[in-house]
Amino acid sequence: MRRRRAPRTLGSALRPARTRARPKTLLAAVQESWPGAAGAGIAEQAQPVAERDGLVTVACHSATWAQELHLLQSELLERINRALSERDEEGLGLRISGLRFTADAARHES
């Protein structure tokens, strides 16, 4: 038995439990990857809220944000799919086919 000299950080202690508890849906994977793929500024203004047949709906805080993100759609789609492929440990082929942006984030907030 090996003794530890210092206590582990809470994050490292909980990481295995978080990995096992992670939902295995495409939407959950996109939601987890979104802040890193989209960037912190965009993630504050828009969140993925639904997925159907590979099309992810992203709820934005305003119509202006929805329009701007629509213009960035191809870049965001590429970055999200890259992030999904990097975290696809089980080889499920996680990939989204498109993004749809709406201006109804308030409806999805709790």
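For the structure itself, look to the data block above.
Residues numbered from 1 in each chain as written. Predicted model: local features only at pLDDT ≥ 70, side-chain atom pairs only at ≥ 80, totals over all residues. Heavy atoms only, no water.

(A) Layout of the pattern of salt bridges. Summed over all chains, the structure comprises two salt bridges. R79 serves as the salt-bridge partner of E75, at 2.7 Å between the closest nitrogen and oxygen. One end of the pair, E75, and the other, R79, are both in helix α5 (residues 73-87), four residues apart, so they sit about a helical turn from each other. A salt bridge links R82 to E78; the shortest N-O distance between them is 3.1 Å. Pair noted here: R82 and E78 are both in helix α5, with a separation of four residues, about one helical turn. (Salt bridge = Lys/Arg side-chain N within 4 Å of Asp/Glu carboxyl O. Helix = DSSP H or I, 4+ residues; strand = E, 2+ residues; numbered from the N terminus.)

(B) Geometry of the packing of helix α2 (residues 26-38) against α5. Relative orientation of the contacting elements α2 and α5 amounts to 115 degrees, with a least axis distance of 9 Å. Every pair of crossing elements has a handedness; the one defined by α2 and α5 is right-handed. From α2, L26, A29, V30, E32, S33, W34, A37 and A38 reach across to α5, where they touch L76, R79, I80, A83, L84 and R87. Grouping the amino acids of the contact of α2 with α5 by side-chain chemistry returns ten nonpolar, one polar and three charged. (Axes fitted to C-alpha atoms, helices over the stretch in contact; angles between N-to-C directions. Left-handed = near helix turned anticlockwise from the far one by under 90°. Contact = heavy atoms within 4.5 Å. Nonpolar A, V, L, I, M, F, W, Y, C, P; charged D, E, K, R; others polar.)

(C) Examining the nonpolar core more closely. In terms of nonpolar packing, the biggest core is built from 23 residues, with W34, V58, I80, L84, I96, L99 and F101 touching the most fellow members. Where this core is concerned, the elements lending two or more residues are α2, α3 (40-45), β2 (55-60), α4 (63-71), α5 and β3 (98-102). In terms of residue count, the dominant contributor to this core is α2 (six residues). Residues within four places of I80 in sequence aside, it is in contact with V30, W34, A37, I96 and L99. (Core = buried A, V, L, I, M, F, W, Y, C linked by side-chain atoms within 4.5 Å. Buried < 20%, exposed > 50% of the residue type's maximum accessible area, 1.4 Å probe, protein only.)

(D) Up close: the environment of F101. Take F101: it is sitting in strand β3. The exposure class of F101 is buried, given its relative accessible area of 14%. The spatial distance from the C-alpha of F101 to the C-alpha of C60 is 6.8 Å, given a sequence separation of 41 residues. In this structure, F101 is in contact with V58, C60, A66, L69, H70, Q73 and L76, ignoring residues within four places of it in sequence.

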